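Fold and geometry: a report
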Amino acid sequence: MKKTLIILSVLLAAAACGPKNVQTINVVPYPNEVQIKSGEFCVAGAGIKYDAAADERTKALIEAFAQQLSLVTGTESAVSEANGEIAFILDAEMPHEAYTLNVTKKGVEIKASGLNGFNYAIQTIKQMLPVEVFGKVAAAEKEWTLPCVKIDDAPRFGYRGLHMDVSRHFFDMDEVKRYLDIMEVHKLNTLHWHITDDQGWRLEIKKYPRLTEVGAVRKQTLVGHLFDSEVYDGTPYGEGCYFTQDQVREILDYAAGKGITVIPEIDLPGHMLAALAAYPELGCTGGPYDVWGKWGVADDVLCVGKEKTMQFLEDVLTEVCELFPAEYVHIGGDECPKVRWEKCPKCQAKIKELGLEDKNGFKAEHYLQSYVMNRMTSFLEKQGKKIIGWDEILEGEVADNAIVMSWRGTAGGIKAAQMGHDAIMTPNSFFYLDYYQSLDTAKEPLAIGGYLPVETCYSYEPYAENMTDEEKAHILGVQANLWTEYIATNEHLEYMLLPRMAALSEVQWCQPQTKSWERFLDSADDFCAIYDVAGYNYSKRIFDVRGSVSVENNQVLVHLEAQGDTPVRYTTDGTEPTEESALYEGPVAITGTCTFTAKAFRPGLDGALYKKDFNAHKAMAKDITVNAEPHKNYRGGLPYILIDGMRGPGDFHSKEWSGWRVEPFDIVLDMNGETYSSMTLSTTVVKYDDIFNPAYISVYTSDNGKDFTEVAKAEYPVEAESEPNGPKEYTLEFPETSSRYLKVVADAIPAKPDWHERPGSKGFLFIDEVIVK
């Protein structure tokens, strides 16, 4: 019987190792140095050797890999220190997260300096094997061979993070572990764990038990969007929804086994309503307070004029430091309104005691927040920790060794690097994964808003133009944030995460010369197959048609693409394409007013439509000169978005919008013989995001392009808070003219009004089209 089993095992291994010729590998994130050679090696039944000097976690990692190979190939891969065709070799001279992988026809050699490098090599190996390696059942009939390849790989950035918000909605220990599993596949190494906020306190603090007894439970939750609804569900949420310290230790151990560090965030001094509900004496008014059932930014924050509040924070952070071994603690510092402090006698007394005053464009209350942040920074330093704070900590005085997490675009991180601070880039315009993945929102689960397709995530470059090498060295890495105000289930959480996380991983890992959108998109079948086998929920929007519009040779052109060989069909009359509609074979010229609609026809996919409305006008596709640079975070698709005949979508982050703030908007159009008598500036207003109406618009004409005469001008008051946000058009009329050159100048409001959250500073002016008739 034993002999029969041995023969059967050999036959299974042979069947699993049929010959194949590999021309490329589909691995995400893609290794930075790859040499593909001829031949392959069969892993089915291959012995696995580990280095005797490896630590226990590394040995456990290799054992788990061997067990998975044994399961899926149907043939045991024995593990030993003595011998094996797959050898894990310790090399202490290698960088911390680097690895080399050499596959020959005789075996596999993996070198690394420790657990992280070995795990990244394992993830690369698994992605080169049949996708069933990520499953939980045997698949002996598959060809369990690796291509002969030599890989020398290491990450571009040492900090490769993902944020998880368990406060707004709670996700239990099993889902946190699943989140860590997904991170491991993509070679991320840091979980930023957002465990306290206005809507729920989710961490056991033994000295303050009411934080979870009271602060974990809100009476009800807002239904729908913050700005569209005042309806609540009337249902308490959060009973028992917190992590005990023992559960945290289990999660930390699980993460450490994957080479993932967990950084806790205790957001202060704002975002503390859950704590105030539990201990109202810590607030400026004394309460009563409720755990917040809505989203947004609450006016009630910690009273930092009370020494009792400082003691509370130090006590909480002491337990946090004892629990979490990470080098860093995130202490928030974002979205802290000052309205309570302005009226609080104790806070005002503290301002006087500290000698704080308005200066450098910031109020004394901003410096009061700096006092809190700096005091907690000093306290944490004594515990052997460094602090991370959101980019608002730059408003006032920031502690010398504070690390800035740049979320409001990239400006905060760039400024931090210029000041000599380390920074982590997590710009909302590229990596806020609670934004919609498609403009066809009717087919999408509820999101906070915005529009962030996978290609936008992939396009991010963490280093700004003209950064010095010294400033680049301060950019520690990149992170994506997934806030859960509108995300209540595990399935929804994963849907928002994947596959945008794959794009994130290449931004974090790959050197610029290694990144390739075409290669990445072609490999989508493979990494999405991993999600299928592993049982992860993910968005299929990566398989939709995607389009762009350009202006070339005074023509508006629509360009389309879809993943792989998926056919794309289109119409220009607004009807939904069918399989009988025109097949896209190259750029389509837009010659007049029309509605262009396209769709990818992939089996099993109810694809979203790509739909653009074009409204022809006399400046459409004309030559244009932009004389003033837009804000560096909002360049959009200049200059052609201004004369492509399209209005931008509702989300101003789209490349179809550009924003001006530092300089006035200033463009010149070559009208080339057209007769015209009006100009309309198409804008949008989003007051809570600092985007307002123009302060003024001026129109000039010229025959030679040098000497301009003003033909129209209009000034506009700052919009009231009660006026609706959204698209706004401003039309100026003037005597009919055939002047060859038309110049338009406009500027943003010079100061946001007192009712605004950030009064006094200049607003933004966002423009998507200059319409001439």
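Data block above holds the structure.
This section reports on the structure supplied with the text. (Residues numbered from 1 in each chain as written. Predicted model: local features only at pLDDT ≥ 70, side-chain atom pairs only at ≥ 80, totals over all residues. Heavy atoms only, no water.)

Quick look at the packing of helix H4 (residues 173-185) against helix H16 (residues 490-497) now. The N-to-C vectors of H4 and H16 enclose an angle of 20°; their axes lie 11 Å apart at closest approach. It follows that H4 is roughly parallel to H16 by the angle criterion. When the axes of H4 and H16 are compared, the crossing they make is right-handed. Between H4 and H16, the residues in contact are Glu 175, Arg 178, Tyr 179 and Ile 182 and Asn 490, Leu 493, Glu 494 and Leu 497, respectively. Taken together, the residues of the contact of H4 with H16 break down into 4 nonpolar, 1 polar and 3 charged. (Axes fitted to C-alpha atoms, helices over the stretch in contact; angles between N-to-C directions. Helix = DSSP H or I, 4+ residues; strand = E, 2+ residues; numbered from the N terminus. Parallel < 35°, antiparallel > 145°, perpendicular 65-115°, else oblique. Left-handed = near helix turned anticlockwise from the far one by under 90°. Contact = heavy atoms within 4.5 Å. Nonpolar A, V, L, I, M, F, W, Y, C, P; charged D, E, K, R; others polar.)

So, on to the nonpolar core. Membership of the largest hydrophobic core comes to 135 residues, with the highest contact counts inside it found for Leu 162, Trp 193, Trp 201, Leu 203, Leu 211, Phe 324 and Phe 520. Setting aside residues no more than four positions away along its own chain, Leu 203 makes contact with Ile 195, Thr 212, Tyr 242, Phe 243, Val 248, Ile 266, Val 320, Leu 323 and Phe 324. (Core = buried A, V, L, I, M, F, W, Y, C linked by side-chain atoms within 4.5 Å. Buried < 20%, exposed > 50% of the residue type's maximum accessible area, 1.4 Å probe, protein only.)

Another aspect to go through is the pattern of salt bridges. Summed over the entire model, instances satisfying the criterion amount to 45 salt bridges. A salt bridge links Glu 629 to Arg 635; its shortest N-O distance comes to 2.5 Å. A residue is classified by how much of its surface remains accessible, and Glu 629, at 45% relative accessible area, is partly exposed. Overall, the relative accessible area of 35% leaves Arg 635 in the partly exposed class. Where salt bridges share partners, they join Asp 165, Arg 168, Asp 197 and Glu 485 into one cluster. (Salt bridge = Lys/Arg side-chain N within 4 Å of Asp/Glu carboxyl O.)

Let us now look at the sheet that holds strand S25 (residues 623-626). Sheet architecture is open: 5 strands sit in the order S25-S27-S32-S29-S30, paired in antiparallel fashion. The sheet is open, and its two borders are formed by S25 and strand S30 (709-715), each paired with just one other strand. Shown here is a sheet whose adjacent strand axes are inclined to one another by a mean of 15°, direction ignored. Note that strand S27 (residues 665-670) and strand S32 (residues 741-748) share 6 bridges and pair antiparallel. Residue pairing across strands places Val 668 opposite Lys 743, the latter belonging to S32. (Pairing = 2+ DSSP bridges.)

The next thing to look at is the environment of Pro 649. Note that Pro 649 resides in the loop between S25 and strand S26 (658-660). Judged by relative accessible area, which is 18%, Pro 649 ranks as buried. Distance in space between the C-alpha atoms of Pro 649 and Lys 612 is 9.6 Å, their sequence separation being 37 residues. Residues within four places of Pro 649 in sequence aside, it is in contact with Leu 439, Ser 654, Glu 656 and Trp 657.

In this section: the environment of Arg 57. Relative to the helices and strands, Arg 57 resides in helix H2 (residues 56-73). Separated by 57 residues in the primary sequence, Arg 57 and Gly 114 have C-alpha atoms spaced 9.6 Å apart. A distance of 2.9 Å separates the side chain of Arg 57 from the side chain of Asp 253, its partner in a polar contact. (Polar contact = N/O pair within 3.5 Å; in protein donor to acceptor, adjacent residues only side chain to side chain.)

Let us look at the packing of aromatic side chains. Applying the stated rule across the entire model yields 33 aromatic pairs. With a centroid separation of 6.3 Å and an interplanar angle of 70°, the aromatic rings of Trp 193 and Phe 324 are classed as edge-to-face. Of the two residues, Trp 193 sits in strand S9 (residues 190-194) while Phe 324 sits in the loop between helix H8 (307-323) and strand S13 (328-332), which places them 131 residues apart along the sequence. Exposure class is identical for Trp 193 and Phe 324. Each is buried. Ring centres of Tyr 432 and Trp 483 lie 6.4 Å apart, and the angle between their planes is 50°; on these two criteria the pair is classed as tilted. Here the residue Tyr 432 occupies a position in the loop between helix H13 (428-431) and helix H14 (454-458), and Trp 483 occupies one in the loop between strand S17 (475-480) and H16, the gap between them amounting to 51 residues. Judged on exposure class, the residue Tyr 432 and its partner Trp 483 are both buried. Aromatic rings pair up to connect Tyr 458, Trp 517, Phe 520, Phe 527, Tyr 531 and Tyr 538 into one cluster. Positioned above the aromatic ring of Tyr 696 is the side chain of Lys 713, whose terminal nitrogen or guanidinium carbon lies 5.3 Å from the ring centre. (Phe/Tyr/Trp six-rings, centres within 6.5 Å; stacked < 30°, edge-to-face > 60°. Lys NZ or Arg CZ within 6 Å of the ring centre and 35° of its normal.)

Note that the residue after Leu 268, namely Pro 269, is joined by a cis bond; omega there is -5°. By the secondary structure assignment, Pro 269 is in the loop between strand S12 (261-268) and helix H7 (273-278). With omega at 5°, the peptide bond leading from Gly 287 into Pro 288 counts as cis. Secondary-structure assignment places Pro 288 in the loop between H7 and H8.

Here we come to the state of the cysteines. Under the definition given, this model contains 0 disulfides. Among the cysteines around Cys 510, which has no disulfide bond, Cys 457 carries the closest sulfur, lying 15 Å off. (Disulfide = S-S within 2.5 Å.)

A few words now on helix H12 (residues 411-418). Taken residue by residue, H12 has Gly 412, Gly 413, Ile 414, Ala 416 and Ala 417 as its buried positions. Elements that come into contact with the buried residues of H12 comprise strand S15 (403-406), strand S16 (423-425), helix H15 (469-472) and S17. One or two steps after H12, the chain reaches Gly 420, where phi turns positive at roughly 90°.

Next up on the list: the sheet that holds strand S4 (residues 86-90). Here 7 strands make up an open sheet; going across it, the order is S1-S7-S5-S6-S4-S2-S3 and the pairing mixed. Each end of this open sheet is capped by a strand with a single partner; those strands are strand S1 (34-42) and strand S3 (79-80). Summarising the sheet, strand S5 (residues 99-103) and strand S7 (residues 145-153) pair through 5 bridges and their orientation is antiparallel. In the sheet register, Val 103 faces S7, and the bridge partner there is Val 149. Docked against the sheet, H2 engages strand S2 (48-50), S3 and S4, running at close to 180° with respect to S2.

What follows deals with the pairing of S15. Where burial is concerned, the two faces of S15 agree: the one with Ile 403 and Met 405 and the one with Val 404 and Ser 406 are both buried. One ladder, built from 3 bridges, connects strand S14 (residues 386-390) with S15; its direction is parallel. When the sheet's bridge partners are listed, Gly 389 is paired in S15 with Val 404. As defined by bridge partners, S15 adjoins S16 across 3 bridges and the pair is classed as parallel. Bridge pairing in S16 places Ser 406 opposite Met 425. As for the winding sense of the linkage, the β-α-β connection from S15 through H12 to S16 is right-handed. (Right-handed = clockwise from strand over helix to strand, strands pointing away.)

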